[in-house]
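Summary of the model geometry
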Amino acid sequence: MKTLRVAIDPWNPDPVVLEKAVAILRRGGLVAFPTETVYGLGADALNPEAVRGVYRAKGRPSDNPLILHLSRREMAEELAFPDARSRRLMDALWPGPLTLVLPARSVVPGVTRGGLDTAALRMPDHPVAAALIETAGFPLAAPSANVSGRPSPTDADGVWEDLEGRIDMILDAGPVSVGIESTVVDMTADPPLLLRPGGMSREVLEGFLGVALAQPDNVSRRRSPGTRYRHYAPFVPVWIWREGAPLPDGAASEKCGFMGLVPPPGVFGRSLRFDSVENYARGLFSGFRALEAAGLQGIVVQWPPSGGVGLGLRDRIRRAAQAGS
Ligand code: TXA
Ligand code: MG
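Residues numbered from 1 in each chain as written. Chains lettered and ligands numbered in written order. Predicted model: local features only at pLDDT ≥ 70, side-chain atom pairs only at ≥ 80, totals over all residues. Heavy atoms only, no water.

1. A short note on the domain arrangement of the protein
Going by this rule: Residue ranges for the domains trace back to a domain assignment, done automatically or taken from a database. Any pair of residues with heavy atoms lying within 4.5 Å of one another is described as a contacting pair. Buried area is calculated as the accessible area (1.4 Å probe) missing from two parts once they are joined, with the contributions of both summed. Only one rule defines a salt bridge in this text: a Lys or Arg side-chain nitrogen within 4 Å of an Asp or Glu carboxyl oxygen. Any pair of N or O atoms that falls within 3.5 Å is considered a polar contact. Within protein, one atom must be able to donate a hydrogen and the other to accept it, and sequence-neighbouring residues count only if both atoms are side-chain atoms.
Here the domain parsing of the protein yields domain 1 (4-223) and domain 2 (238-324). At the junction of the two partners, domain 1 supplies 24 residues and domain 2 supplies 15 residues. Interface of domain 1 and domain 2: buried area, both sides summed, is about 1,500 Å²; carbon and sulfur atoms make up 52% of it. Of all residues in domain 1, P151, I180 and P197 bury the most surface against domain 2, accounting for 34% of the area lost on that side. Applying the counting rule to domain 1 against domain 2 returns four salt bridges. Two residues, R289 and D162, come together in a salt bridge whose shortest N-O distance is 3.2 Å. The interface formed by domain 1 and domain 2 holds 10 residue pairs in polar contact (both at pLDDT 80 or more) in total.

Here it is as structure tokens:
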């Protein structure tokens, strides 16, 4: 399959390009598009054959459900049964990096939900994503646009690297702003369950809900199948470094790279330093890809503080380090 890569202005998306993308989606094809978190691999969420194509292109296990992306608040009522609490969150925090797991209506095909009776919904905060979904008129099922297990792509080069030849089109609107995936909250639990920390901070969510979010235990973890799989990993080993702690054996050398806020003493082949936790999150996945492409044999990654996006950043770093070991 030939993959078409088309540049699109993030602030003023060209309707001709959008129509072309929608024509592909209507016939069941796959289009990668930018969101504020990471690039997504989109298909018509209501077309089971199209959704099967997403799993095939990514090499993703078919029991790991997909997020449905919406452009309007009303679409949530057509696809699921939100309760009052969920409606409050949607009204206050959408569009944004927040995914809500809700009881699904039967219009959502089983394959999109990975066989569960719930559906995960989110309204992305990106003009290209919004215009694409609005032009299509149907929700887009979209996992991150990487091969299963690899770091999520934060620009079109990352999508191209993983999926060139496997998908129909990439809409290239430049780098994303958040850099890690959305926060996933299971609203069918009481109190709601934080299934995946991400771009929307826990503090903000708890402020709106007025209760503390529950943490998944081993039983509830089964409800978000994605959290079971190895994830977010570059091909080279990743070591976590906590400030003040010694470096792992062999980690500080010209053959290794560093990513974080303040590097430890020692020599590194390349260092990517960020001046805030937000910028660290924005640069993590592309940093993994860049350091691995530079031929470094390992990456030392600084453990960030846990506030704001730091909680999601910690989660991605922990998974990348586990996968490498
Ligand atoms: O920021 C994001 O969320 C990006 C962009 C493209 O929107 N998408 C993304 O999708 O990260 P994906 O497929 O890589 O991750 C979706 C996560 C998985 O952990 C999956 O298991 C979980 O959401 N999920 C989806 N539907 C679910 C459901 N019905 N119940 C529980 N978890 C669900
Ligand atoms: Mg993913």
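Moving on from the model shown.
2. Observations concerning the packing of helix α1 (residues 15-26) against helix α5 (residues 127-136)
For clarity, the cut-off: Every axis in this analysis is a line fitted to C-alpha atoms, fitted for helices over the stretch in contact. Angles between the N-to-C directions lie between 0 and 180 degrees. Here a helix means four or more residues in a row that DSSP labels H or I, a strand means two or more in a row labelled E, and each is numbered from the N terminus. Roughly parallel refers to an angle under 35 degrees, roughly antiparallel to one over 145, roughly perpendicular to one between 65 and 115, and oblique to any angle outside these ranges. When the near helix sits turned anticlockwise from the far one by under a right angle, the crossing is termed left-handed; a clockwise turn instead gives a right-handed crossing. Charged residues are taken to be Asp, Glu, Lys and Arg, nonpolar residues to be Ala, Val, Leu, Ile, Met, Phe, Trp, Tyr, Cys and Pro, and polar residues to be all remaining types, Gly included.
Between α1 and α5, whose axes approach to 9 Å, the crossing angle comes to 55 degrees. Taken together, α1 and α5 sit at an angle that is classed as oblique. For the pair α1 and α5, the crossing hand works out as right-handed. Between α1, through L18, E19, A21, V22, L25 and R26, and α5, the contact on the second element is made entirely by V128, A131, L132, T135 and A136. Residue composition of the contact of α1 with α5, by class: eight nonpolar, one polar and two charged.

3. Structural notes on the pattern of salt bridges
Applied cut-off: We call a residue buried when its accessible area falls under 20% of the maximum for its residue type, exposed when it is over 50%, and partly exposed in between, using a 1.4 Å probe and counting protein chains only.
Considering all chains together, one arrives at 20 salt bridges under this definition. Among the ionic pairs, R52 bridges to E49, the shortest N-O distance being 3.2 Å. With R52 and E49 both in helix α2 (residues 48-58) and three residues apart, this pair spans about one turn of that helix. As a salt-bridge pair, R316 and E181 come within 2.6 Å of each other at their nearest N and O atoms. Of this pair, R316 sits in helix α10 (residues 310-324) while E181 sits in the loop between β8 (169-172) and β9 (183-186); the two residues are 135 residues apart in sequence, bridging distant segments of the chain. As far as burial versus exposure is concerned, R316 and E181 are alike and both buried. Three or more residues are tied together by salt bridges with common partners; here these are R150, E161, D162, R289 and E292.

4. What to know about the packing of helix α4 (residues 84-93) against helix α7 (residues 202-209)
When two helices pack together, you describe them by how their axes are tilted relative to each other and by the distance separating the axes. Contact geometry of α4 with α7 gives a least axis separation of 10 Å together with a crossing angle of 125 degrees. Comparing their axes, α7 and α4 come out oblique. Crossing hand, α4 versus α7: right-handed. Contacts between α4 and α7 involve R85, R88, L89, A92 and L93 from the former and V204, L205, F208 and L209 from the latter. Tallied by class, residues from the contact of α4 with α7 come to seven nonpolar, no polar and two charged.

5. Comments concerning the nonpolar core
Here is the rule: Think of a nonpolar core as a cluster: buried Ala, Val, Leu, Ile, Met, Phe, Trp, Tyr and Cys residues, connected wherever their side-chain atoms sit within 4.5 Å.
Counting residues in hydrophobic clusters, the biggest one holds 66 residues, and the most contacted among them are L121 and L171. Broken down by element, this core gets its largest block of residues, six residues, from α1. With sequence-adjacent residues up to four places away left out, L121 is seen in contact with I67, L68, L70, A76, L79, A80, W94, L98, T99, L100 and L102.

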